[in-house]
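Coordinates in review
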Amino acid sequence: MDDIEYIFNNNGIEIKAVYSKEEINTIFIPLLEHLSEMHTQKGDRLIVMLAAPPGAGKSTLAGFLEHLSGEVIPDKKVQAIGMDGFHRRQEYLTSHTTDVRGRETLLVDIKGAPVTFDIEKLKAKLSEIASGKNCGWPVYDRLLHNPVDDAVFVDGDMIILEGNYLLLREEGWNDLADMADYTISVKADPDMLKERLIERKISTGCQKDKAIAFVEFSDMANVMLCLEKTGPADLELCLSKKSGYTKS
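These notes cover the structure that comes with them. (Residues numbered from 1 in each chain as written. Predicted model: local features only at pLDDT ≥ 70, side-chain atom pairs only at ≥ 80, totals over all residues. Heavy atoms only, no water.)

Okay, the overall build of the protein chain next. Along the backbone of the protein chain there are six helices and twelve strands. Expected size for 248 residues packed as a compact globule is a radius of gyration near 18 Å; at 18 Å, the protein chain falls within 12% of this value. In terms of principal-axis extent, the alpha carbons of the protein chain reach across some 50 × 40 × 30 Å. In the protein chain, which comprises 248 residues, the share counted as buried stands at 48%. Contacts in the protein chain between residues far apart in sequence, at least 24 positions, make up 70% of those at least 6 positions apart. Within the structure as shown, the protein chain displays about 12000 Å² of accessible surface, and the carbon and sulfur contribution to it stands at 48%. (Helix = DSSP H or I, 4+ residues; strand = E, 2+ residues; numbered from the N terminus. Rg over C-alpha atoms; globule rule 2.2 N^0.38 Å. Buried < 20%, exposed > 50% of the residue type's maximum accessible area, 1.4 Å probe, protein only. Contact = heavy atoms within 4.5 Å. Areas by Shrake-Rupley, 256 points an atom, 1.4 Å probe, with all protein chains shown as cover.)

Structure, rendered in structure tokens:
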């Protein structure tokens, strides 16, 4: 299979990605075929977790795997969903604080950190889909700055759940991976991720100086947390500018 250009709409932001034939033929096609075999052997819904730091392209990659599955394993329905719908609501984030480097900080100023997610709600909903139940799933709306409940309907054979902290080795998050049949993690150079995050922030209409300030104060702390405290995965990938995704 040749290179594929994939256009992904992430909450109103259009992202264009090109996946090389090397990535597709040596990583993604074998991965989908392996997951299909796992699903057949299990005889029930398969839960795949894709964990990666901010800026590593996890949402786009999950969407691409769903897209590619239509050609590789057309008899199985692969469905990509994200954990961003479990952000706490804006009114909560603007009225609650936490300690950040010795300073009492509003949660809205570190939106995207683990503490700004409703982990218990995520676990409860994940338990539903892991049991094979078809149900609604929340999606984060960037225009509303809030999650929208039941925005998508989960009914796939194989579910790819993507998020920053799915394999995080911290209290409250440690047991999430137990709900997965298969796990994937992504690592990348933090300087490259910083550059990508600033560009993404600017693309949403944020001024460059404000984008840099937010990424340096909030996003990079989350990047380093993911790079340092993501647990082991069944498939571990590295992302680089030159070669795209490669196996670790």
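Time to look at the nonpolar core. Among the nonpolar cores identified, the biggest contains 44 residues, and Tyr19, Phe28 and Tyr245 are the most heavily contacted of them. Here the element with the most residues in this core is helix 1 (residues 21-42); it accounts for eight residues. If sequence neighbours within four positions are ignored, Tyr19 has contacts with Asp3, Ile4, Tyr6, Ile24, Phe28, Thr60, Leu61, Phe64 and Tyr245. With 26 residues, the next largest nonpolar core counts Ala51, Leu126, Leu161 and Cys226 among its residues. (Core = buried A, V, L, I, M, F, W, Y, C linked by side-chain atoms within 4.5 Å.)

So, on to helix 1. Taking 1.5 Å of rise per residue, the 22 residues of helix 1 would be expected to cover 32 Å, and the 30 Å separating its terminal C-alpha atoms lies within 8% of that figure. Along helix 1, the largest kink reaches about 30 degrees and is centred on Phe28; proline Pro30 follows within four residues of it. Buried within helix 1 are the following residues: Glu23, Ile24, Ile27, Phe28, Ile29, Leu31, Leu32, Leu35, Ser36, Met38 and His39. Of the residues trailing helix 1, Gly43 is marked for its positive phi of about 75 degrees. (Expected span 1.5 Å × (residues − 1). Bend = angle between axes of the 7 residues up to and from the residue.)

This brings us to the packing of aromatic side chains. In the structure shown here, the tally under the stated rule is ten aromatic pairs. Aromatic side chains Tyr19 and Phe28 sit 5.8 Å apart centroid to centroid with 85 degrees between the ring planes, which places their arrangement in the edge-to-face category. Each member of the pair, Tyr19 together with Phe28, is buried. Aromatic side chains Phe86 and Trp137 sit 5.0 Å apart centroid to centroid with 75 degrees between the ring planes, which places their arrangement in the edge-to-face category. (Phe/Tyr/Trp six-rings, centres within 6.5 Å; stacked < 30°, edge-to-face > 60°.)

Attention shifts here to the pattern of salt bridges. Considering all chains together, one arrives at eleven salt bridges under this definition. The partner of Lys42 in a salt bridge is Asp181, with the nearest N and O atoms 3.0 Å apart. Linking Lys42 in helix 1 with Asp181 in the loop between strand 9 (158-163) and strand 10 (182-188), this pair joins segments that are 139 residues apart in sequence. Looking at Lys42, the relative accessible area reads 38%, which means it is partly exposed. Here Asp175 ties to Lys123 by a salt bridge, and the two come within 3.1 Å at their closest N and O atoms. Here Asp175 is found in the loop between strand 9 and strand 10, whereas its partner Lys123 is found in helix 4 (residues 119-130), with 52 residues between them in sequence. You can call Asp175 partly exposed: its relative accessible area is 36%. (Salt bridge = Lys/Arg side-chain N within 4 Å of Asp/Glu carboxyl O.)

Bear in mind that shape data such as this cannot, by itself, settle questions of function.
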